[in-house]
Every structure is written in C-alpha cells, then in structure tokens.
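Structural overview for review
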Amino acid sequence: MQGYALTKQADVLTMQADVLTMQADAFTTQADAFTTQADALTKQADALTTQADALLLHGIAKFNSLRINKML
C-alpha cells in the first residue's frame, strides 16, 4: 500500500513539473507576443514619420511649383 502511495505521489510531482513547464512556455510565448507588438508599434511610428515627411515634401513641391508658375 505504501508503494502505491509513493507511486501516486511521484505521478503528482511529475504532473506538477509538467504544469510548471507549460507555464514557462506560456510566459515565453507571451513575452514573444509583447516583443512582436512592440515591433509593430515601432513600424507604425516609422510609417507615420514617413507619411509626415511625404506631406512636408509635397508641400514644398507645391510651393516651388507655385513660385515657378509666378515666374513664368
């Protein structure tokens, strides 16, 4: 009977170890997701900066075009 209890206790410990491993995997996956989200936000910020630059260049081009038209 004591051998059976020890076997069951060993099984429980093995299952607990498996749960801890799965939790560690979940935390790693969550950390990866946060990293991916941070990368996406960085790319979005870069895109907004590029868009602002494009609008500025468009404004400069339009201003220059108006100046050229006045000179003609």
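We now turn to the structure provided with this report. All figures in this text were calculated on a predicted structure; none of them were measured in a lab. Position numbers for residues count from 1 along each chain, tracking the sequence in the order it is written. For a predicted model such as this one, the threshold for reporting local features is a pLDDT of at least 70, and the threshold for listing and counting side-chain atom pairs is 80 or more; totals across whole chains, interfaces and linings nevertheless cover every residue. Each side-chain value is worked out from all heavy atoms of the structure, with water and hydrogens disregarded.

Notes on the overall build of the protein
Here is the rule: Numbering of helices and strands runs from the N terminus; a helix is a DSSP stretch of H or I covering at least four residues, while a strand is a stretch of E covering at least two. Computation of the radius of gyration draws on C-alpha atoms, with the globule rule given as 2.2 Å multiplied by the number of residues to the power 0.38. The rule is simple: take the accessible area with a 1.4 Å probe, protein chains only, and divide by the maximum for that residue type; under 20% is buried, over 50% is exposed, in between is partly exposed. Surface exposure here means Shrake-Rupley accessible area, sampled with a 1.4 Å probe, where a residue is shielded only by the protein chains that are shown.
In terms of regular secondary structure, the protein is built from one helix and zero strands. The C-alpha atoms of the protein give 31 Å as radius of gyration, which overshoots the globular expectation for 72 residues (11 Å, by more than 25%). Scored against the burial criterion, the 72 residues of the protein give a buried share of 0%. Here the protein displays about 6,600 Å² of accessible surface, and carbon together with sulfur accounts for 66% of that area.

Some thoughts on the pattern of salt bridges
Rules: A pairing counts as a salt bridge when a side-chain nitrogen of Lys or Arg comes within 4 Å of a carboxyl oxygen of Asp or Glu.
As enumerated under the stated definition, the model contains one salt bridge in all. Put simply, Asp11 and Lys8 hold a salt bridge, and the shortest N to O gap is 3.9 Å. Pair noted here: Asp11 and Lys8 are both in helix H1 (residues 2-71), with a separation of three residues, about one helical turn. Assessed through its relative accessible area of 33%, Asp11 is described here as partly exposed.

Notes on a nonpolar patch on the surface
Threshold: Patch membership requires over 30% relative accessible area and the absence of a salt bridge. Like charges are linked within 9 Å, and nonpolar side chains (Val, Leu, Ile, Met, Phe, Trp, Tyr) within 5 Å.
A cluster of nonpolar side chains, Leu56, Leu57 and Ile60, forms an exposed patch at the surface whose accessible area comes to about 300 Å². Its location among the elements puts Leu57 in helix H1. Judged by relative accessible area, Leu57 falls into the exposed class, the value being 57%.

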